[in-house]
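# Summary of the model geometry
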Amino acid sequence: MSSSLTLLLCMLVLTLILRLPIAFGMMVSGVSYLLMKHQDLGLVAEQVLNGLYNSYVLLAVPLFIFAAAVMNSGTVSERLFDFALAIVGRLRGGLAHVNIIVSVIFSGMSGSAIADAAGPGVVSIRMMEKNGYTAEFAGALTAASSTIGPIIPPSIPLVIYALVSSASVGALFLGGVLPGLMMAVSLMIAVHFIAKKRQFPRGDKIPWAAYPRIIARGFLPLTLPVVLLGGIYSGVFTPTEAASVAALYALILASLVYRALTWGRLYEILVESAKTSASVTLIIASAFIINYAFTAENVPGLVAAWLTGMQLTPTGFLLLTNVLFLVLGCLLDTSIMLLVLVPILLPTAKLLGVDLVHLGVVLAVNMMIGLVTPPFGMLLFVINALAGVSLKGMIREAWVFIFVLIAALLIMSVFPQTVLWLPQMMGYKTS
């Protein structure tokens, strides 16, 4: 390992220890490397900017962020909650099942785990607390169910993975459908046994006469995933254009149909979305500098040679990758794993014949589990801040959900068709 690369890694670790923002940490580390190698900073900056501004796929990210913010600002969360309550509310632990179903539905609108936890998640926690559930259990379940958001399309992490790997966004979106549903079923099975053991209450019986009104209230938000996927796979618009459709659909729904969006609130949403989008773009730009350094030092090639020398099968490679990402997910931000580690692993995956869509969905699930796993557990911190739930209590309750999500992840890794069946049905050719 060269002294320049050693400096980069040491600076990266140091900035993480000092809790600097991820983007600034990667930027400082990358610039330190470039200065030590006497590289032209202007030339590298030009390459980074060209990579960002010439990326059509990347346009989807700010649009999905905006769509999620608009959906959270209106009455959509409450409507989805009422709809899910009508479906599974009468089960033992009905509100816990509702929490999961709402996450599944909202995942087809936002593509962000944080948006899911901050919007429908907070509504679910408050409702569960009113009906006798502990805040810690409700918070832990909300964090776990929010991980479904970026797996079922649309998905911001899968869009960024497509940028890094050049995999098909459309195939990735379809590939996330069955795994997302598997995660939901796994969580519902865990809730079933916990509910029986703790004697959680059933929800109130809803009269049949109320069902048409409940379905009508939730119908329009429920059609958004259908519009997006139908438009993409019928060829009406591309995945990037689907993001603009989602943003426009959400805006019309919240402002004109439900009249829950004022001009003042719209301005706040635009500002919040711009800040979040700028933060994501800065992280991606900083990661490009790190990737430039790794490519110059032939790190992907060295890793590929080392892993190929282990004579791994494609399944063995995926299982080893799972272990690596599950461990690092406890410590590192999702952005670092997605933008720095994934490019290092891609050459090996291609050499071993691992399908890039299968790999992308498996890695996305890995990273989402990391959002619930201590000590980093970003979703746990979000819920702690927004709903005031004890962090220690949530961590104690979250382990059972982490284990069932890992079990679902192993099934996806060992059986590629759980990811690839739906894309193949729509004409995707495996790599």
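Residues numbered from 1 in each chain as written. Predicted model: local features only at pLDDT ≥ 70, side-chain atom pairs only at ≥ 80, totals over all residues. Heavy atoms only, no water.

Among the nonpolar cores identified, the biggest contains 155 residues, and M26, F137, Y161, F317, L359 and F401 are the most heavily contacted of them. Sequence-distant contacts of F401, defined by excluding residues within four places in its chain, comprise F137, A140, L141, A144, L187, A190, V191 and I194. (Core = buried A, V, L, I, M, F, W, Y, C linked by side-chain atoms within 4.5 Å. Buried < 20%, exposed > 50% of the residue type's maximum accessible area, 1.4 Å probe, protein only. Contact = heavy atoms within 4.5 Å.)

Given two aromatic rings, one states the distance between the centres and the angle between the planes to describe the pair. Taken as a whole, this structure holds 5 aromatic pairs when the rule is applied. Where Y133 meets F137, the ring centres are 6.4 Å apart and the plane angle is 15°; that geometry is what we call stacked. Taken together through their ring pairs, the aromatic side chains of Y133, F137, F200 and F401 make up a single cluster. (Phe/Tyr/Trp six-rings, centres within 6.5 Å; stacked < 30°, edge-to-face > 60°.)

All of the buried residues along helix α19 (residues 378–387) are L379, L380, V382 and I383. For α19, the angular spread of the buried residues around the axis is 160°, confining them to a single face. Those residues of α19 that are buried are in contact with α7 (113–130), α8 (135–146) and α20 (391–414). G388, located one to two residues past α19, shows a positive phi value of around 70°. (Helix = DSSP H or I, 4+ residues; strand = E, 2+ residues; numbered from the N terminus. Arc of directions from axis to C-beta.)

This part covers a nonpolar patch on the surface. Taken together, the side chains of L319, L410, I411, V414 and F415 define a hydrophobic patch exposed on the protein surface, amounting to about 400 Å² of accessible area. In terms of residues, the nonpolar patch owes the most to one element, α20, which gives 3 residues. The residue I411 is located in helix α20 in this model. Residue class for I411 comes out partly exposed when judged on its relative accessible area of 39%. (Patch = residues over 30% accessible without salt bridge, like charges linked within 9 Å, V, L, I, M, F, W, Y side chains within 5 Å. Areas by Shrake-Rupley, 256 points an atom, 1.4 Å probe, with all protein chains shown as cover. Salt bridge = Lys/Arg side-chain N within 4 Å of Asp/Glu carboxyl O.)

For the pair α7 and α8, the least separation of the axes is 9 Å and the interaxial angle reads 150°. With respect to their mutual orientation, α7 and α8 come out roughly antiparallel. Where α7 crosses over α8, the handedness of that crossing is right-handed. Across from A113, D116, A117, G121, I125, M128 and E129 in α7, the residues of α8 making contact are A135, F137, A138, G139, L141, T142, S145 and S146. (Axes fitted to C-alpha atoms, helices over the stretch in contact; angles between N-to-C directions. Parallel < 35°, antiparallel > 145°, perpendicular 65-115°, else oblique. Left-handed = near helix turned anticlockwise from the far one by under 90°.)

Attention shifts here to the pattern of salt bridges. Oppositely charged side chains are able to pair whenever their charged atoms sit close together. The full count for this structure, using the stated rule, is 4 salt bridges. For the salt bridge of E268 with R265, the shortest nitrogen-to-oxygen distance reads 3.0 Å. With E268 and R265 both in helix α14 (residues 263–296), this residue pair falls 3 residues apart, about one helical turn. What makes E268 partly exposed here is its relative accessible area of 41%. With relative accessibility at 25%, the residue R265 sits in the partly exposed group. Of the charged contacts, one joins E272 and R265 as a salt bridge, the two residues approaching to 3.3 Å between their closest N and O atoms. Its relative accessible area of 39% is what places E272 among the partly exposed residues.

Topologically, S146 is positioned in helix α8. On the basis of relative accessible area, S146 is assigned to the buried category, the value being 0%. In this structure S146 touches S103, A113, D116, A117 and L379, once residues within four positions along its chain are discounted.

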